[in-house]
Amino acid sequence: MTTTQPAIAVRGLTKVFGKLEVLKGIDLDLMPGEVLGLIGPSGSGKSTLIRCLNMMETPSSGQILVSGREVAPRFRALGNKIGMGELRRNVGMVFQHFNLFPHLSVLDNITEGPRVVLKRPRAEAEALAMDLLEQVGLADKAQAYPAHLSGGQKQRVAIARALAMQPQVLLLDEVTSALDPELVGEVLSVIRRLADKGMTMVLVTHEMGFAADVASRVIFMEQGRIAEEGSPEDILRNPRSERLRSFLSRFHG
Amino acid sequence: MYNWDFYTVLQSFDLFLDGIWTTFLYTVGSIVLGVIIGLLTCFARLSRFAVLRLFARSYQELFRCTPLLVQILWAYYALPMVLGVTISNTTAGLLTLSLYVGSFYAEIFRGGINAIDKGQREAAAAIGMSPIQTMGRVIMPQAIKKMLPAFINQSVIQVKNTSLLYAISVAELTYMTSVVNSETYRPLEAYSLAAVMYFVMLFPLTQIADHFERRMRRSD
Ligand SMILES: Nc1ncnc2c1ncn2[C@@H]1O[C@H](COP(=O)(O)OP(=O)(O)O)[C@@H](O)[C@H]1O
Ligand SMILES: [Mg+2]
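Residues numbered from 1 in each chain as written. Chains lettered and ligands numbered in written order. Predicted model: local features only at pLDDT ≥ 70, side-chain atom pairs only at ≥ 80, totals over all residues. Heavy atoms only, no water.

K.L.:
Where do I start with the overall build of chain B in this structure?
P.N.:
The helix and strand inventory of chain B stands at 9 helices and 0 strands. Reading the helices (α) and strands (β) of chain B from amino to carboxyl end gives α-α-α-α-α-α-α-α-α. By its C-alpha atoms, chain B is 70 × 50 × 25 Å across when sized along the principal axes. For chain B, buried positions account for 45% of its 220 residues. Summing over all exposed atoms, chain B offers an accessible surface of approximately 11,900 Å²; the carbon and sulfur share of this is 68%. Put simply, chain B has 17 plus and 13 minus side-chain charges, and the middle of one group is 16 Å from the middle of the other. (Helix = DSSP H or I, 4+ residues; strand = E, 2+ residues; numbered from the N terminus. Buried < 20%, exposed > 50% of the residue type's maximum accessible area, 1.4 Å probe, protein only. Areas by Shrake-Rupley, 256 points an atom, 1.4 Å probe, with all protein chains shown as cover. Lys, Arg positive; Asp, Glu negative; His and termini not counted. Charge placed at Lys NZ, Arg CZ, Asp CG, Glu CD.)

Structural data, given as structure tokens:
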């Protein structure tokens, strides 16, 4: 029974910025183990949608449910709704511009969440962090500061920082868009390994080849709506709408 | 040729020392209180409650846009008439200095906090930190470095501003110098010595501020 429950469910989600309606009614079930690729033109609302999933943006209307429980737009739980604090302990996020803490070493960036939020003892948090750094190939950078890392290294640390919370879902918003082309591969291969291990992820990306490879389902967004949705095969190789076809043609050249 | 006579003045050296000690106490006291007031004001101005923001803003403008000397005189002579109680010069002086510097500190703190990229707040929130944890562990440690030069500069000004307490007979360095002057009739030596003493106290502080400012520029 619990296996059929969506990790995150979105019901009638809308988001308005001033007069601009950015999300116009999104319904979505993210199943455990799923890797959902979100594609679409710039300004179509991909970032806003993924940011609503961990309440980085407060929905204007509609609901976000995490493992069946509704989320309240405040830090603490409210009645039987979970708070944003609990939500974010379970749903991690990786940003386009890394947002590492520049005043902390790589190791401390990763242990910060487990120690401060989950109240884990330092030794335990550091052991976990070293394990994660090993996985992203940066064990030798544990004592370095973010300013001394390349973009690709920073993003791998940011992924490790999110994973240190042992989240059920990982949200990734264009995590390779700020990287020099030669550094994209090292970050994608980390994500691919997470997918292989069964990590539930939402992936906003312009790397169509990668999305085709790693996603179990792809959503094409346009003007605040889900315009098309299906397997990577359907969406990326056999697009139905003219819009999606022309959008994809820009990536194949 | 003026006949310099520091000897007479230096015989009252203990009076100068008393003055320096009092100046030091008022400086430290008003800086500590000013930091507390400044932090509260800064958070009030960053709060989502409009009433708090307005209240904090009004206080700041009141103290930033009137001369400190007028505030000191008002607190000592006028405020007791409003409240119907007497206020000692110590209380009036400390209170005014603290409120005055607090209004400037609040701006410095606010500037430092606002200078931190909003991605830092989001990254902290994304790993489940509460707003207070975010402020204490992510925003403040970075903001303090940015605030430090301006904070030290304002504190240097604060040491000098304690001299205005002379007007309500608080026995700080300037007041004590006037006492030495009236005992020795040596204004040139007495006030020159006072100037040197202020300088010796403050010069290292400005050097420290410069040092932090240079270091900050390099790390940016
Ligand atoms: N905080 C905000 N305030 C106002 N408008 C915003 C804000 N965030 C996003 N938008 C607008 O919402 C629309 C969708 O943005 P976004 O979700 O970032 O799209 P995408 O990620 O698909 O490029 C854009 O028109 C953008 O300008
Ligand atoms: Mg975006």
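K.L.:
Can you help me understand the overall build of chain A in this one?
P.N.:
Per the secondary structure count, chain A includes 9 helices and 10 strands. Relative to its length of 253 residues, chain A is compact, with a C-alpha radius of gyration of 18 Å against a globular reference of 18 Å. Long-range contacts, defined as pairs at least 24 residues apart, comprise 65% of the intrachain contacts of chain A with a sequence gap of at least 6. Carbon and sulfur atoms form 48% of the exposed surface of chain A, whose accessible area is close to 11,000 Å². Side-chain charges in chain A split into 30 positive and 28 negative, and the spacing between the mean points of these groups amounts to 7 Å. (Rg over C-alpha atoms; globule rule 2.2 N^0.38 Å. Contact = heavy atoms within 4.5 Å.)

K.L.:
I would appreciate a short explanation of the pattern of salt bridges in the present structure.
P.N.:
Side-chain pairs of opposite charge can arise where the charged atoms are in close proximity. If you walk through the whole model with that rule in mind, you get 22 salt bridges over all chains. One salt bridge in this structure joins E112(A) and R137(B), with 2.5 Å as the shortest N-O distance. Here R137(B) lies in helix α7 (residues 131-161) and E112(A) lies in helix α3 (residues 106-117), a pairing that spans two chains. We classify E112(A) as buried; its relative accessible area is 4%. Put simply, E34(A), R217(A) and E229(A) are held in one network by salt bridges that share partners. (Salt bridge = Lys/Arg side-chain N within 4 Å of Asp/Glu carboxyl O.)

K.L.:
I'm lost on helix α8 (residues 173-184) of chain B in this one. Help?
P.N.:
All names here are of chain B. If you check α8, its first and last C-alpha atoms are 16 Å apart, about what 12 residues at 1.5 Å a residue would give, namely 16 Å. Within the sequence span of α8, burial applies to L173, T174, M176, T177, S178, V180, N181 and T184. Between the side-chain oxygen at the start of α8 and the backbone nitrogen of T174 there is a gap of 3.0 Å, and the oxygen is on E172. Y185 occupies a position one or two residues after α8 and carries a positive phi of about 55 degrees. (Expected span 1.5 Å × (residues − 1). Polar contact = N/O pair within 3.5 Å; in protein donor to acceptor, adjacent residues only side chain to side chain.)

K.L.:
Help me out: how do you make sense of the side chain of E222(A) in this one?
P.N.:
Following the sequence through the fold, E222(A) ends up in strand β9 (residues 217-222). Here R243(A) takes part through its side chain, which lies 3.1 Å from a polar atom of the side chain of E222(A).

K.L.:
Would you take a moment to explain the packing of helix α2 (residues 13-46) of chain B against helix α3 (residues 50-64) of chain B for this structure?
P.N.:
In helix packing, the relevant descriptors are the interaxial angle and the interaxial distance, both defined with respect to the helix axes. Residues and elements named next belong to chain B. Taken N-terminus to C-terminus, the directions of α2 and α3 make an angle of 135 degrees; their axes are 7 Å apart at the nearest point. On the basis of the axis angle, α2 is oblique to α3. Seen along the crossing, α2 lies across α3 with a hand that is left-handed. From α2, I37, T41, A44 and R45 reach across to α3, where they touch L52, R53, A56, R57, Y59 and Q60. Looking at the contact of α2 with α3, its residues break down into 5 nonpolar, 2 polar and 3 charged. (Axes fitted to C-alpha atoms, helices over the stretch in contact; angles between N-to-C directions. Parallel < 35°, antiparallel > 145°, perpendicular 65-115°, else oblique. Left-handed = near helix turned anticlockwise from the far one by under 90°. Nonpolar A, V, L, I, M, F, W, Y, C, P; charged D, E, K, R; others polar.)

K.L.:
Could you clarify how one ought to interpret the site of ligand 1 in this entry?
P.N.:
Residues and elements named next belong to chain A. Inspection of the region around ligand 1 gives F17, L20, V22, P41, S42, G43, S44, G45, K46, S47 and T48 as its neighbouring residues. Within the backbone of S44, a nitrogen or oxygen atom sits 3.2 Å from an oxygen atom of ligand 1. K46 places a polar side-chain atom, nitrogen or oxygen, 2.8 Å from an oxygen atom of ligand 1. Its free accessible area being 560 Å², ligand 1 has 60% of it covered by the protein chains. Within the residue set of the shell around ligand 1, elements represented by two or more residues are β2 (20-30) and α1 (46-53). Counting residues per element, the shell around ligand 1 draws most heavily on α1, which supplies 3 residues. Split by residue class, the shell around ligand 1 holds 4 nonpolar, 6 polar and 1 charged. (Near = heavy atom within 4 Å.)

K.L.:
Is there a simple way to think about the pairing of strand β10 (residues 225-230) of chain A in this case?
P.N.:
Consecutive residues of a regular strand have side chains that alternate between opposite faces of the sheet. Residue and element names in this part refer to chain A. The pairing of β9 with β10 spans 5 bridges and is classified as antiparallel. By the bridge assignment, M221 is partnered in β10 with I226. Two successive antiparallel strands, β9 and β10, enclose a turn made up of 2 residues, where Q223 displays a positive phi of approximately 50 degrees. (Pairing = 2+ DSSP bridges.)

K.L.:
What should I look at first to understand the sheet that holds strand β1 (residues 8-17) of chain A in this one?
P.N.:
Remark on secondary structure: sheet strands pair via backbone hydrogen bonds, oriented parallel or antiparallel. Residues and elements named next belong to chain A. Spatially, β2-β1-β4-β5 is the arrangement adopted by the 4 strands of the open sheet, whose pairing is antiparallel. Each of the sheet's edge strands pairs with one partner strand only, and the pair in question is β2 and β5 (69-70). Relative to β5, strand β4 (residues 61-66) runs antiparallel, the two being bridged by 2 bridges. Paired with V66 across the bridge in β5 is R69. Here α1 sits on the sheet and contacts β1, β2 and β4; the angle it forms with β1, its principal contact strand, is near 125 degrees.

K.L.:
Looking at this structure, how should I read the interface of chain A and chain B?
P.N.:
One frequent convention defines the size of an interface as the accessible area lost when the parts assemble. Contacts between the two partners involve 21 residues from chain A and, on the opposite side, 19 residues from chain B. Across the interface of chain A and chain B, roughly 1,700 Å² is buried in total on both sides, 62% from carbon and sulfur atoms. Contact with chain B buries area across many residues of chain A, yet F75(A), F101(A) and H103(A) alone supply 30% of it, more than any other trio. Taken together, the connections running from chain A to chain B amount to 2 salt bridges. Residue E122(B) is joined to R51(A) by a salt bridge in which the shortest nitrogen-to-oxygen separation is 2.8 Å. One can count 7 residue pairs in polar contact (both at pLDDT 80 or more) joining chain A with chain B. Counting residues per element, the side of chain A that touches chain B draws most heavily on α3(A), at 4 residues. (Buried area = accessible area lost by both parts, 1.4 Å probe.)

K.L.:
Is there a simple way to think about α3(B) in this case?
P.N.:
Since the α-helix turns once every 3.6 residues, residues separated by three or four places project in the same direction. All names here are of chain B. In this model α3 runs 21 Å from its N-terminal to its C-terminal C-alpha over 15 residues, within 8% of the 21 Å that 1.5 Å per residue would give. Among all positions of α3, only A56, Y59, Q60 and F63 are buried. Seen along its axis, α3 keeps its buried residues to an arc of 95 degrees; they face one direction. Of the exposed residues in α3, the ones pointing more than 90 degrees away from its buried face are V51, L54 and L62. (Arc of directions from axis to C-beta.)

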